[in-house]
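Survey of secondary and tertiary structure
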Amino acid sequence: MGKNRVKYAPVWILIIGCLAYLAAKWTDLSLPFFWDELGVYGPGVLYMLDNGPGLLPSALDPELSRGHPLLFYFLFAAYSKLFGYSLFKIHLLAISIFFALVGVTYRVGEKVLNSWWGMFAGGILLVSPNIFASSAMVLPEILVSLFTLLSLFAAYQKKWGQYMVWGSLLLLTKESGIVVPMAVFGYILLFEKNQKIRLLLYSLIPIGAFILFLVIQRFQNGWFLFPYHTSLISFDWETIWRKVQMLWEALFIEQGRIGWTIILGTGIILGARKKIHLWHQLTGIFVMGYLLFFLINFFMDRYLTLLFPLIAIGLGASIWEISQLFPSKWRSLVSISLGVIMLLLPLFFFSTNEFKYDQDVNFRNIVAIQKETTTFIENEIDPQKTVFANFPLYNGLLDPRFGYRKNPYHIKPVIRMSESPDYIAIFRPGDIPPHQTDSMTVIFEKKVDFIEVRVWGGE
């Protein structure tokens with residue numbers, strides 16, 4: 001009985017951690033949509049909810065899909081069809097996917113290292129400020145992270161049937177998933193000795209699902225990839241160098257990750273002296289490929305989310321390598337001490353006074369002030385009057401299901417100043433268009449840290 005308790009202790013500790021996490025996130029499950037939730041993904045899910053879920057490109061307006069494969073939208077819309085729509089329910093699905101990611105991270109860490117380091121890897125996800133902020137949002141990155149980890153783990157275990165399923169689902173969720181089969185292809189090419197041709201073919205099968213989607217998209221929308229996104233691809237050296245700096249800061253420095261970087265770097269140096277574990281060979285190729293992919297493509301901090309489970313497992317392996325430098329009687333103490341420090345360090349960086357999009361818990365303040373501003377517009381402005389509003393205010397006014405509007409009457413938001421609006425509402429941070437307020441009076445104003453909002457009206 002005592003051995004069984006020890007055996008399952010890491011799992012129970014992680015479960016308790018997940019329950020504490022859910023308690024800390026509980027109020028977030030009822031929050032209105034925020035930023036890209038409000039601008040693209042939430043409206044896309046609701047469009048499918050109103051018009052029927054679908055996986056073909058024609059199932060969603062390109063301005064909402066942005067040319068992405070539609071599995072993410074389909075999953076959330078089908079779920080809402082089945083269980084009914086509410087902000088709480090849809091955010092509950094999002095955080096459930098996150099907990100699945102924590103569970104899979106534990107499983108991979110257990111397989112590659114042991115159950116205690118699996119618990120540690122799952123714990124790293126629970127304490128990461130950027131993931132904490134976005135884990136309940138209706139955004140595809142957590143789902144992409146889950147499918148990425150499952151695909152890589154299946155390839156590592158040589159479970160090729162599972163790899164083809166998870167890899168295909170990944171590529172039907174987001175185009176950047178193509179890095180996974182390319183990394184698996186490269187890994188097989190470099191390190192496999194037996195049945196190489198057959199395995200190389202297996203590695204590329206998930207790309208077939210993506211190619212099929214693109215071909216259908218070409219017939220239905222007239223292009224393979226969303227033109228706006230392709231216009232952002234750049235091989236300009238100065239642009240690439242700026243992205244190198246952005247990647248370095250976002251992945252290795254911010255939110256206390258400088259401590260992780262030191263441990264990871266030390267572990268890589270120590271581990272390079274011996275034969276590298278197959279898992280680290282595979283994921284190392286993937287990480288390098290993924291970072292190179294975003295050096296020439298459009299980049300946002302949250303696109304790095306899928307690297308965090310790999311970093312978490314790498315941290316566990318690095319701490320173990322460092323502990324081997326010490327006499328055997330000190331190794332457990334060194335491992336526990338470094339592990340606790342790595343888990344505690346991010347907790348000191350959960351919020352800043354900067355705008356970090358969906359990477360910081362300060363998104364709650366933006367949502368609260370947008371909600372307050374929307375309530376003022378609803379209660380104090382004649383619904384027959386027109387209101388110019390910038391993003392994100394404008395989008396929040398469009399549909400009560402986004403969580404900002406309450407009243408059912410028609411509000412007339414406009415997004416072009418040429419429409420001569422009766423009122424002007426400007427929210428910062430947000431898109432700040434030119435606006436004429438010289439003949440108008442400020443009737444609502446709010447400033448908190450980096451957030452500023454004003455509403456003008458009257459002569």
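Refer to the structure printed above.
Since this is a predicted model, take the numbers as computed values, not measurements.

What the rule picks out here adds up to 15 salt bridges. Between K25 and D28 there is a salt bridge, with its nearest N and O atoms 2.9 Å apart. The same class applies to K25 as to D28, namely buried. R454 serves as the salt-bridge partner of E452, at 2.3 Å between the closest nitrogen and oxygen. Look at R454 and you get buried, because its relative accessible area is 18%.

On to helix α6 (residues 115-127). Its 13 residues give α6 an end-to-end C-alpha distance of 19 Å, which sits within 8% of 18 Å, the value for a rise of 1.5 Å per residue. For α6, a buried count of 12 out of 13 residues is recorded, marking the element as mostly surrounded by other parts of the structure. Among the residues making up α6, those that are buried are S115, W117, G118, M119, F120, A121, G122, G123, I124, L125, L126 and V127. The N-cap residue of α6 is N114: its side-chain oxygen and the backbone nitrogen of W116 are 3.0 Å apart.

For the pair α6 and helix α17 (residues 328-344), the least separation of the axes is 9 Å and the interaxial angle reads 20°. The angle between α6 and α17 places the two elements in the roughly parallel class. Read as a crossing pair, α6 and α17 show a hand that is right-handed. Mapping the contact onto sequence places W117, F120, G123, I124 and V127 in α6 and S335, G339, M342 and L343 in α17.

Attention now goes to the packing of aromatic side chains. Counting across every chain of the model gives 36 aromatic pairs. Centroid distance Y21 to F98: 4.9 Å. Interplanar angle 25°. Geometry classified as stacked. Of this pair, Y21 sits in helix α1 (residues 2-25) while F98 is found in helix α5 (residues 87-112), placing the two residues 77 residues apart along the sequence. This pair shows no difference in class: Y21 is buried, exactly as F98 is. Positioned above the aromatic ring of F132 is the side chain of K25, whose terminal nitrogen or guanidinium carbon lies 4.9 Å from the ring centre.

Calculation criteria
Residues numbered from 1 in each chain as written. Predicted model: local features only at pLDDT ≥ 70, side-chain atom pairs only at ≥ 80, totals over all residues. Heavy atoms only, no water. Salt bridge = Lys/Arg side-chain N within 4 Å of Asp/Glu carboxyl O. Buried < 20%, exposed > 50% of the residue type's maximum accessible area, 1.4 Å probe, protein only. Helix = DSSP H or I, 4+ residues; strand = E, 2+ residues; numbered from the N terminus. Expected span 1.5 Å × (residues − 1). Polar contact = N/O pair within 3.5 Å; in protein donor to acceptor, adjacent residues only side chain to side chain. Axes fitted to C-alpha atoms, helices over the stretch in contact; angles between N-to-C directions. Parallel < 35°, antiparallel > 145°, perpendicular 65-115°, else oblique. Left-handed = near helix turned anticlockwise from the far one by under 90°. Contact = heavy atoms within 4.5 Å. Phe/Tyr/Trp six-rings, centres within 6.5 Å; stacked < 30°, edge-to-face > 60°. Lys NZ or Arg CZ within 6 Å of the ring centre and 35° of its normal.

By themselves, these are just geometric observations and shouldn't be taken as functional.
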